[in-house]
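One letter stands for each residue in the lines below.
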Amino acid sequence: MASVTYDHVVKRYTADLTVVKDFNVEIKDKEFMVLVGPSGCGKSTALRMLAGLEQISEGRILIGDRVVNNIAAKDRDIAMVFQSYALYPHMSVYDNMAFPLQMQHMKKAEIDKRVRNASRILGLDNFLKRKPRALSGGQRQRVALGRAIVRSPKVFLLDEPLSNLDAKLRGQTRVELQKLHRDLQTTFIYVTHDQVEAMTMGDRIAIMNAGILQQVGTPGEIYDHPANLFVAGFIGTPTMNFIPAAVTNGSAKASGFEVKLPKPLPPGKGTLGFRPEAVTDRVVDGSPSMEMKVDVVERLGSDQFLYGQVGGDQVTARIDPRLNVAPGDKVKLGLDTRGMHFFDAESELALL
């Protein structure tokens, strides 16, 4: 088992194209770290540099205490699971999992022991003789995981492994991966553009945008204390409400309401942020409130979301699903000031 360190890592393809910029992250031994961000942000490139599939332009990558910049991919003691599964179609499930061990000239008895142990962990015992074409997408993904498990690597690298699965299977496989991480007690580094996967699976999350690391923290830290406007908008479904506002005398004044801030900020313009759950159907005397003209109602069983206009600004609210609200209604809503954020107009950094 091993920790992983990115030490001022840069990936530059040309003088005008740098896709990873001064990337610094320390991943603890046995940690489940998720690299998340929009398509093209550099997260897969960061993973491929660790795997040895991309050359590093600047900086160092360490696995444990060993700098691996110039070590061949096959000698880094890592295993990578790709989005495409990359199974050999002419081989059985057993042979697909055994193949990397055969390439290491491992003894047949040890290969059989490792393959059957991985098969038991992944629930593949009844499929060992099948070819990949006879498997579902979820079963193929488990075979790809099995091929990584048999190698007993120091670090597992997973590059968007669930993106080809349907929504229900993605949810099931997320749970399986968390159990697998707990059972194997190995470092996992997982790349995804799906913030739900990041929030539900990661011990910590590293958020990237345009090749730059934006924030590293636990899911709770990032959700409750986003470092900047990008992180606040990327994490959370539905997304955080962002309203232009001006700070004066300890309050933020928007076009449709005014709210007392939980801590004093210097006067100036910026962006007030609050999540849909901070906007409620409960209006308390003396607390801030707003009137929304409802445009759209989304009923999701356990939740009900209202999308509408407040003083000309778009606002999303999460309210009691039992309340009867229709598009076109005007509703009075309360605002929980404990969920307030305020972002600087120029730097977009969180001031609150």
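Please read these numbers as outputs of a predicted model, since none were measured by experiment.

Caption draft 1: Here's a closer look at the overall build of the protein. Helix and strand counts for the protein come out as 8 helices and 20 strands. Its C-alpha atoms give the protein principal-axis dimensions of roughly 75 × 45 × 30 Å. Taken over 352 residues, the protein has a buried fraction of 47%. In the protein, the share of contacts with a sequence separation of at least 24, taken over all contacts with a separation of at least 6, comes to 64%. Accessible surface for the protein amounts to roughly 17100 Å². Of this, 49% is attributable to carbon and sulfur atoms. For the protein, the separation between the mean place of its 45 positive charges and that of its 40 negative charges on side chains is 8 Å.

Caption draft 2: Molecular detail of the packing of aromatic side chains. Enumeration according to the criterion identifies 8 aromatic pairs in this entry. Aromatic pair F230 and F234: ring centres 5.6 Å apart, planes at 20°, arrangement stacked. On the criterion of helical spacing, the pair formed by F230 and F234 is a turn pair, its members being 4 residues apart in helix α8 (residues 229-234). Taking relative accessible area as the criterion, F230 reaches 23% and is therefore assigned partly exposed. Judged by relative accessible area, which is 17%, F234 ranks as buried.

Caption draft 3: Representation of the pattern of salt bridges. Counted by the stated rule, this structure contains 11 salt bridges. We note a salt bridge from R322 to D320, for which the minimum N-O separation is 2.8 Å. Salt bridges sharing partners connect three or more residues here, namely K11, R48 and E54.

Caption draft 4: Up close: the nonpolar core. Counting 42 residues, the largest nonpolar core has M97, L158, L177 and Y190 as the members making the most contacts within it. Among all residues touching L158, those that are not within four sequence positions of it are L47, V81, L145, L177, F188, I189, Y190 and V191. Among the nonpolar cores identified, the runner-up in size contains 29 residues, and F23, M33, M49 and I189 belong to it.

Caption draft 5: Geometry of the sheet that holds strand β14 (residues 268-274). Strand order in the open sheet formed by 5 strands is β13-β12-β11-β14-β20, with antiparallel pairing between adjacent strands. Two strands in the sheet have a free side with no partner beyond their single neighbour: β13 (258-260) and β20 (341-344). On average, each strand axis in the sheet is inclined to that of its neighbour by 40°, with strand direction left out of account. The pairing of strand β11 (residues 241-248) with strand β12 (residues 251-253) spans 3 bridges and is classified as antiparallel. If you follow T248 over to β12, its bridge partner there is S251.

Caption draft 6: Just the packing of helix α4 (residues 137-149) against helix α5 (residues 167-184), in detail. Put simply, α4 and α5 touch, their axes get as near as 11 Å, and they point 20° apart. Our classification of the angle between α4 and α5 gives roughly parallel. For the pair α4 and α5, the crossing hand works out as right-handed. Here G137, G138, R142, L145 and I149 of α4 lie close against α5, whose contacting residues are L169, E176, L177, L180 and L184.

Caption draft 7: Representation of the sheet that holds strand β17 (residues 304-310). Judged by pairing direction, the sheet is antiparallel, and its 5 strands sit side by side in the order β15-β19-β16-β17-β18 without closing on themselves. In the strand order of this sheet, the two ends are held by β15 (279-280) and β18 (313-319), each with one partner. Summarising the sheet, strand β16 (residues 289-299) and β17 pair through 6 bridges and their orientation is antiparallel. Within β17, the residue paired with V294 across the bridge is G308.

Thresholds, definitions, all that
- Residues numbered from 1 in each chain as written.
- Predicted model: local features only at pLDDT ≥ 70, side-chain atom pairs only at ≥ 80, totals over all residues.
- Heavy atoms only, no water.
- Helix = DSSP H or I, 4+ residues; strand = E, 2+ residues; numbered from the N terminus.
- Buried < 20%, exposed > 50% of the residue type's maximum accessible area, 1.4 Å probe, protein only.
- Contact = heavy atoms within 4.5 Å.
- Areas by Shrake-Rupley, 256 points an atom, 1.4 Å probe, with all protein chains shown as cover.
- Lys, Arg positive; Asp, Glu negative; His and termini not counted.
- Charge placed at Lys NZ, Arg CZ, Asp CG, Glu CD.
- Phe/Tyr/Trp six-rings, centres within 6.5 Å; stacked < 30°, edge-to-face > 60°.
- Salt bridge = Lys/Arg side-chain N within 4 Å of Asp/Glu carboxyl O.
- Core = buried A, V, L, I, M, F, W, Y, C linked by side-chain atoms within 4.5 Å.
- Pairing = 2+ DSSP bridges.
- Axes fitted to C-alpha atoms, helices over the stretch in contact; angles between N-to-C directions.
- Parallel < 35°, antiparallel > 145°, perpendicular 65-115°, else oblique.
- Left-handed = near helix turned anticlockwise from the far one by under 90°.

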